[in-house]
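Residues per chain are reported as follows:
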Amino acid sequence: MTLPAQASRIAEDIRSMRVRGARLIARSAVEALQIVARNSSAGDITTFVAELASAARFLLQTRPTAVSLPNGIRFVMHRVNRAKEGGASLETIRATAVKAAQEFIDNTDTAIQRIGEIGARRIRDGDVLLTHCNSSAVISIMKTAWNQGTKFEVYVTETRPRFQGRITAKALAGIGIPVTLILDDAVRYFMHDVDKVLVGADAVTANGALVNKIGTSLLALAAHEANVRVFAAAETYKFSPETMIGELVTIEERDPSEVISSHELRPLGAVKVRNPSFDVTPPEFIDLIITEQGIMPPLGAMLILEDILGVITPEELQEYQTKTLQEQD
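Figured I'd write up the structure that's included with this text. In this text, all values refer to a predicted model and were calculated from it rather than measured experimentally.

Calculation rules
Residues numbered from 1 in each chain as written. Predicted model: local features only at pLDDT ≥ 70, side-chain atom pairs only at ≥ 80, totals over all residues. Heavy atoms only, no water. Helix = DSSP H or I, 4+ residues; strand = E, 2+ residues; numbered from the N terminus. Rg over C-alpha atoms; globule rule 2.2 N^0.38 Å. Buried < 20%, exposed > 50% of the residue type's maximum accessible area, 1.4 Å probe, protein only. Contact = heavy atoms within 4.5 Å. Areas by Shrake-Rupley, 256 points an atom, 1.4 Å probe, with all protein chains shown as cover. Lys, Arg positive; Asp, Glu negative; His and termini not counted. Charge placed at Lys NZ, Arg CZ, Asp CG, Glu CD. Axes fitted to C-alpha atoms, helices over the stretch in contact; angles between N-to-C directions. Parallel < 35°, antiparallel > 145°, perpendicular 65-115°, else oblique. Left-handed = near helix turned anticlockwise from the far one by under 90°. Nonpolar A, V, L, I, M, F, W, Y, C, P; charged D, E, K, R; others polar. Pairing = 2+ DSSP bridges. Right-handed = clockwise from strand over helix to strand, strands pointing away. Phe/Tyr/Trp six-rings, centres within 6.5 Å; stacked < 30°, edge-to-face > 60°. Lys NZ or Arg CZ within 6 Å of the ring centre and 35° of its normal. Expected span 1.5 Å × (residues − 1).

Comments concerning the overall build of the chain
Phase 1: Scanning the chain from N- to C-terminus turns up twelve helices and ten strands.
Phase 2: Taking 20 Å as the expected radius of gyration for a compact globule of 329 residues, we find that the chain reaches 21 Å, a close match to that expectation.
Phase 3: For the chain, the spread of C-alpha atoms along the three principal axes comes to 65 × 50 × 40 Å.
Phase 4: Per-residue burial over the chain gives 53% buried out of 329 residues.
Phase 5: Taking the contacts inside the chain whose residues are at least 6 apart along the sequence as the reference set, 77% of them involve residues at least 24 apart.
Phase 6: Accessible area of the chain: about 14900 Å², with a carbon and sulfur share of 51%.
Phase 7: Across the chain, the centroid of the 35 positively charged side chains sits 5 Å from that of the 40 negatively charged ones.

What to know about the packing of helix 2 (residues 22-39) against helix 3 (residues 45-60)
Phase 1: Two elements in contact, helix 2 and helix 3, have axes separated by 10 Å at closest approach and are oriented at 155°. One finds that helix 2 runs roughly antiparallel with respect to helix 3. Crossing handedness for the pair helix 2 and helix 3: right-handed. Between helix 2 and helix 3, the contacting residues are A29, A32, L33, V36 and A37 on the first element and F48, E51, L52, A55, A56 and L59 on the second.
Phase 2: Looking at side-chain class alone, the contact of helix 2 with helix 3 contains ten nonpolar, no polar and one charged residues.

Here's the deal with the side chain of S28
Phase 1: Tracing the sequence through the fold places S28 in helix 2.
Phase 2: Apart from the residues within four sequence positions on either side, S28 is in contact with I10, I14 and V19.

Overview of the pairing of strand 3 (residues 179-182)
Phase 1: As defined by bridge partners, strand 2 (residues 153-157) adjoins strand 3 across four bridges and the pair is classed as parallel. By the bridge assignment, V156 is partnered in strand 3 with L181.
Phase 2: This β-α-β element, strand 2 to helix 7 (residues 165-173) to strand 3, shows right-handed connectivity.

Regarding the packing of aromatic side chains
Two aromatic rings, taken as a pair, are described by how far apart their centres are and by the angle between their planes.
Phase 1: Counted under the stated rule, the structure contains five aromatic pairs.
Phase 2: Ring geometry for W146 against F152: centres 5.5 Å apart, planes inclined by 90°, an arrangement best described as edge-to-face.
Phase 3: Exposure remark for W146: the relative accessible area of 14% places this residue in the buried category.
Phase 4: Classification of F152 as buried rests on a relative accessible area of 5%.
Phase 5: An aromatic cluster is present here, built from F75, F104 and Y237 joined pairwise through their rings.
Phase 6: Against the face of F58 rests R15, its NZ or CZ located 5.8 Å from the ring centre.
Phase 7: The ring of F163 carries the charged tip of R166 above its face, separated from the ring centre by 3.9 Å.

Comments concerning the side chain of R94
Phase 1: Its place among the elements puts R94 in helix 5 (residues 90-120).
Phase 2: Not counting residues within four places of it along the chain, the set of residues in contact with R94 comprises A37, R38, S40, A42 and F48.

Section: the sheet that holds strand 7 (residues 229-233)
Phase 1: Judged by pairing direction, the sheet is mixed, and its seven strands sit side by side in the order 3-2-1-4-7-9-10 without closing on themselves. Each of the sheet's edge strands pairs with one partner strand only, and the pair in question is strand 3 and strand 10 (294-296). Across this sheet, the average inter-strand angle for adjacent strands is 25°, counted without regard to direction.
Phase 2: Across the sheet, helix 5 touches strand 7, strand 9 (288-291) and strand 10, and the angle it forms with strand 9 is around 140°.

Looking at the sheet that holds strand 6 (residues 210-213)
Strand-to-strand pairing in sheets goes through backbone hydrogen bonds, with the strands running parallel or antiparallel.
Phase 1: In space, the three strands of this open sheet follow the order 5-6-8, with antiparallel pairing throughout. For this open sheet the edge positions go to strand 5 (203-204) and strand 8 (278-281), each flanked by a neighbour on one side alone.
Phase 2: Relative to strand 8, helix 9 (residues 216-225) is tilted by about 35°, and along the sheet it contacts strand 6 and strand 8.

A look at helix 2
Residues spaced three or four apart along an α-helix point in a common direction, a consequence of the helix completing one turn every 3.6 residues.
Phase 1: Compared with an ideal rise of 1.5 Å per residue, which puts 18 residues at 26 Å, helix 2 spans 26 Å between its outermost C-alpha atoms and is within 8% of the ideal.
Phase 2: Here helix 2 lies mainly inside the structure; 14 of its 18 residues are buried.

Note that all results are geometric; they support no functional claim without further evidence.
Structure follows, in structure tokens:
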């Protein structure tokens, strides 16, 4: 199928990283699905649901590591398929798709605010914090704590090769928080000055491992060595149900030109460049995960998946996945 122009632009923005961050990726993908539902000219239920499923599959291909994206798509498609199975009319199913998409989008705002409120309690006057990349949840925690009168300072890594850390530094400095921008390679050098490490997440696995921007695992390792606590902030829609049945989170590798231009690479000869966007931090290097549902140890991830996503057994998950994004006849 051909996506509506606006939905197609959103998909390309996600793929090209003009839309960044797990929260915005998920919101944008669900918004694109909502646009497809609103603009569909399908005259029957089967065709309408098939169009949505096709759009969902297309959107899923844009950023394979961002678990929030399939969870957002799943949130909408599960409700659409449930309405279809319940014998709802075409217009009711269309309204269900639009409403579910809006509910997910609204929930992303509520979750960030709640994480800010919960996480702010973990920051103390005089703390020196260290963060990596650009996380809406992390920024919400720090802004909330600062606005409540807690005084602290923050080290922010540049986060190469796309320098998302500069976005974080600007946001924090903009409200008066003292910020020091450092090289990614310098985290061990500065770690003994740090009281707490606070990072976001692109995905959380069933065993509590963290999938986040490349460099997070080395930062957590340095913190572990220095006996510095590591907090991860993640909305529950970033928890990966597929990992309950042994699936691995796909680690996206991006164009080597982000690391070095072809012009700069040519004089080096037969040199191969790799550019993974994410790495995996084992749960033993994470002290707490802050979600909109509260604070938990990494091993609590399984409870989130069972409770929040409504997934009880691996068999039910497999059936759920099949019904959600199945090929439509």
